[in-house]
Amino acid sequence: MGIFEPFRAIGYITSTVPLSVQRLGTETFVTVSVGKAWQIYNESPQLPKKIRALASYRDYTFAAYGNDIAVFKRAHQVATWSRHNAKVNLLLLFGEQILSADVDGNMFIWTFKGIQQNLAPVGHVMLEDKFSPSCIMHPDTYLNKVILGSEEGSLQLWSISTKKMLYEFQGWKSSICCCVSSPALDVIAVGCADGTIHVHNIRYDEEIVRFSHSTRVAVTSLSFSTDGQPLLASGGSSGVISIWNLEKRRLQSVIREAHDNSIISLHFFANEPVLMSSSADNSIKRRNPNYTTLLLDKSSFQLTNVALSSVWYFKDRGLKSRWEIGCAVAKIVYHRSNGLLATATDDFVIRLFDVVALRMVRKFEGHIDRVTDLCFSKDGKCLLTSNMDGTLRIWDVILARQIDAIHVDVSVTALSLSPNMDVLATTHVDQNGVYLWVNQTMFSGSSNIDSYASGKEVVNVKLPSVSSTEGSHKDSENPCLNPIQFKDDFQNPHFQEKIPDLVTLSLLPKSQWQSLINLDIIKVRNKPIEPPKKAEKAPFFLPSVPTLSGQIVFEPSDISSEKKIAEGDKLENRRSDLPHSQFLQLLRSSAEKKSFSAFTNYIKSLSSSTLDVELRMLQIIDDDNEQGPDTRPDLFPIELLLDYFIHETSCRNNFEFIQAVMRLFLKIHGETIRRQSSLQDKAKELVEVQYAVWQRVDKLFQSSRCMITFLSNSQF
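Conventions used here
Residues numbered from 1 in each chain as written. Predicted model: local features only at pLDDT ≥ 70, side-chain atom pairs only at ≥ 80, totals over all residues. Heavy atoms only, no water. Salt bridge = Lys/Arg side-chain N within 4 Å of Asp/Glu carboxyl O. Buried < 20%, exposed > 50% of the residue type's maximum accessible area, 1.4 Å probe, protein only. Helix = DSSP H or I, 4+ residues; strand = E, 2+ residues; numbered from the N terminus. Phe/Tyr/Trp six-rings, centres within 6.5 Å; stacked < 30°, edge-to-face > 60°. Lys NZ or Arg CZ within 6 Å of the ring centre and 35° of its normal. Pairing = 2+ DSSP bridges. Axes fitted to C-alpha atoms, helices over the stretch in contact; angles between N-to-C directions. Expected span 1.5 Å × (residues − 1). Arc of directions from axis to C-beta. pLDDT = per-residue confidence, 0-100. Contact = heavy atoms within 4.5 Å. Core = buried A, V, L, I, M, F, W, Y, C linked by side-chain atoms within 4.5 Å.

Asker: Explain the pattern of salt bridges here, please?
Answerer: Note that side chains of opposite charge can pair when their charged atoms are close. Applying the stated criterion to the full structure yields six salt bridges. Between E365 and K363 there is a salt bridge whose closest N-O contact spans 3.8 Å. The class of E365 is exposed, set by a relative accessible area of 53%. Relative accessible area serves as the criterion here: at 45%, K363 is assigned to the partly exposed category. One network of salt bridges, in which partners are shared, links E671, R674 and R675.

Asker: What is the right way to read unusual backbone geometry from this model?
Answerer: Backbone geometry places T141, a non-glycine residue, at a positive phi of 70°. Within the secondary structure layout, T141 lies in the loop between β13 (133-137) and β14 (145-150). Classification of T141 by relative accessible area gives exposed; the value is 61%. For N144, which is not glycine, the phi torsion reads 60° and is therefore positive. Within the secondary structure, N144 sits in the loop between β13 and β14. The class for N144 is partly exposed, based on a relative accessible area of 31%.

Asker: Explain the packing of aromatic side chains to me, please; I cannot follow it from the model alone.
Answerer: For any two aromatic rings, the description comes down to two numbers: the centre-to-centre distance and the angle of the planes. Counted under the stated rule, the structure contains 13 aromatic pairs. For the pair Y644 and F645, a centre-to-centre distance of 5.5 Å together with 50° between the ring planes defines the contact as tilted. By relative accessible area, which is 1% here, F645 ends up buried. Centroid distance W694 to F701: 6.3 Å. Interplanar angle 70°. Geometry classified as edge-to-face. Taken together through their ring pairs, the aromatic side chains of F583, F596, F599, Y644, F645 and F665 make up a single cluster. Above the face of the F269 ring, R286 is positioned so that its terminal group lies 5.0 Å from the ring centre.

Asker: Could you clarify how one ought to interpret the sheet that holds strand β25 (residues 263-268) in this entry?
Answerer: To summarise the sheet geometry, strands pair through backbone hydrogen bonds and adopt either a parallel or an antiparallel arrangement. Judged by pairing direction, the sheet is antiparallel, and its three strands sit side by side in the order β25-β26-β27 without closing on themselves. The open sheet has two edge strands, β25 and β27 (283-287), and neither has a second partner. Each strand axis lies, on average, 15° off the axis of its neighbour in the sheet, ignoring direction. Alignment of β25 against strand β26 (residues 275-279), held across five bridges, turns out to be antiparallel.

Asker: Mind showing me how you'd approach helix α7 (residues 582-593) here?
Answerer: The α-helix advances 3.6 residues per turn, and as a result positions three or four apart in sequence lie on the same side. Helix length check: α7 (12 residues) gives 16 Å between terminal C-alpha atoms against 16 Å at 1.5 Å per residue, within 8%. Every buried residue of α7 is accounted for by F583, L584, L587 and S590. For α7, the arc enclosing every buried residue in end-on projection is 135°, short of the 170-degree limit, so these residues lie on one face. More than 90 degrees from the buried face of α7, the exposed residues found are E592 and K593. Directly after α7, the chain includes K594, whose backbone phi takes a positive value near 60°.

Asker: How should I be thinking about the confidence of the model for the chain in this particular structure?
Answerer: When pLDDT drops low, the exact placement of atoms in the prediction is not to be read closely. Per-residue confidence for the chain gives a mean pLDDT of 79, with 79% of residues at or over 70. The secondary-structure element of the chain with the lowest mean pLDDT is helix α2 (residues 483-490), recorded at 40, while strand β18 (residues 187-192) shows the highest, at 95. Contacts from residues 471-497, a stretch scored under 50 in pLDDT, to residues over four places away or in other chains number 44 contacts. Low confidence marks residues 557-561, where pLDDT is under 50. Its contacts with residues over four positions away, or in another chain, come to one contact.

Asker: For this particular structure, what's the right way to read the pairing of strand β6 (residues 60-65)?
Answerer: Looking along a regular strand, one sees side chains alternate from face to face of the sheet. Of all six residues making up β6, six are buried, and the element is well covered by its neighbours. Of the two faces of β6, the one lined by Y60, F62 and A64 and the one lined by T61, A63 and Y65 are each fully buried. Bridge analysis of strand β5 (residues 51-57) against β6 gives six bridges, and the strand direction is antiparallel. Bridge pairing in β6 places A55 opposite F62. Between the antiparallel neighbours β5 and β6 lie two residues, among them R58 with a positive phi of about 50°. Of the pairings in the sheet, the one linking β6 to strand β7 (residues 68-73) comprises six bridges and is antiparallel in character. Bridge pairing in β7 links A64 to I69. Two successive antiparallel strands, β6 and β7, enclose a turn made up of two residues, where G66 displays a positive phi of approximately 60°.

Asker: Is there a simple way to think about the sheet that holds strand β21 (residues 219-224) in this case?
Answerer: Sheet architecture is open: four strands sit in the order β21-β22-β23-β24, paired in antiparallel fashion. The open sheet terminates on both sides in strands that have one partner only, identified here as β21 and β24 (250-255). Across the sheet, the mean angle separating the axes of adjacent strands is 25° when strand polarity is ignored. When strand β23 (residues 241-245) meets β24, the two strands line up antiparallel, connected through five bridges. When the sheet's bridge partners are listed, I243 is paired in β24 with S253.

Asker: Can you walk me through the nonpolar core in this structure?
Answerer: If you look at soluble globular proteins, the nonpolar side chains tend to sit buried side by side. In terms of nonpolar packing, the biggest core is built from 37 residues, with F583, I603, L641, Y644, F645, F657 and F665 touching the most fellow members. When contributions to this core are tallied by element, the ones reaching two or more residues are α4 (510-517), α7, α8 (597-605), α9 (608-616), α10 (636-651), α11 (655-675) and α12 (677-713). The element best represented in this core is α11, accounting for 10 residues. Ignoring any residue separated from it by four or fewer positions in sequence, one finds F657 in contact with S506, L508, W513, L516, I603 and K604. One finds I403, W437, V459 and V466 within the second-largest nonpolar core, a separate group that totals 24 residues.

If you want it as structure tokens, here you go:
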């Protein structure tokens, strides 16, 4: 357990898995992989392993990870296909079926209709031993047929319906990296590892044209234009995109430095001159292939480390002070508010200097590798440091000690703490994203930092995941805090203490407690316009007798008065035997414990109409009966509610909510309290408590108004 808990990673756009594009109506949706998650410009559920292949169809997304395939409908996982015994590296949407191929040459056919009932594949194809599939495609107009490319350089045409190989193309003695169908029938384009592109007629097994990258790097992606221009785009492992003119059979343009890493996917939008590309450099770009993209060169800077720190005056440009440190300075950071300068040196020691007193005031030791970054908290009380071994340490500047330390598997290159000190951002070696960590002391009930900090002990922590719905669990034995623990912290008596003479509010939405006051207006406004219509005849399952008036009667009208009285007594006895509602049970148990917090939380969770019904169910029928609560049990809940209001008002808890509930209660039962002398004493006590509390609150309001008026009229 540490002060900073992993939250999520941001900035991840794509990875080395080819993207999946689909068009729904007039919009185009792009699904990409980001490590263990997939996203459609939004986050997705987290998977146990990194995604190796993606496919999408309408609301469905198919993600291959390890030996399994996860099926999602929108963002909810509905099934997992598990039949492969090796890593799945290829997925192909084939009508209403999905084809999956693994590194061992097993190809399974899955259907996603009735997917939750049928998790088994509908077909299986075993490829040859010397055929390692590297790409898969479906040639247009070839019914139930797919073409597979191999690392050995050959192509095979397979029938999915018969599960037989129909033809084998000999290839070009180079590993096939990608293949794509063209708008022309029987024509495909094949990209090879030697940098050659072959436009091939699969009907006659003849090569139409051959292109070659000048750099001889592997062709990793291909895409044909469908807007009427005879163009073919190719991307390679060098990050360069080439545009080929198929009609003139030559290179038309080159987009140099299109990406900083290998091109993973290329896709021309349907009937548009727009090319989209994704790369392993964590970027997706859209461009018009007729234009070139100008990128600025990245300049590198070098900082010469010195073995001293100097303080200069900007005004007179004079040297104020110089401190001899004894070794090269790697990093410095200055906190303006408290005048502290923190330095990180090559001996892995952090030194703090007071620029006003011109002396060293703190020295922190503990790092065992080069310090990569320093960061002060906004209040200057804490200093955060990171180094190349993946350790992040938090130092208490006032107490001059280490209060927490965490370790991740990847070296930390930079860190930054938000001004509110609630979120910490870090970057890491070979990681494209920015990782966010939340400050537990800001979001939990405990204000004691020692309940989170590990002190001098270093705790191993996993990096935050891309999806915030999946927590990044720690490797240590200390469990992470969960919402239940936070709730327990808030219920600690230490946090129930408040400043004397102040009131606390309920933190409920304003509309919730205001609706209690205006409930009658709401009922009138929501009253139906038309009265309920009388049924023409009773349902068949209700016994009825015919009458001369035609109205429905469910029992004869000649029931004797004695029978009615007997049934009334029986109903009254049955009503008294009914169990009390949860409202009354909590009210009685809270009164016995002399702690009404559980009852308050319960009524705060009720809607306005439900709370109104609960209070009206306590309605007293015979108000003229002067018997007390001891002899009349129906008056006892009224007395308990008066005790409840007296207690909560005197404690000044949930002030605005209690006032609204009290107003509704008195509106319903005020006449009963006025008629019952046994309840009038409680009512007088409530009035006295209410008056005393309100006088105090009103005095605070008046003081605040006077102060605001004085300050607003003052001339500064």
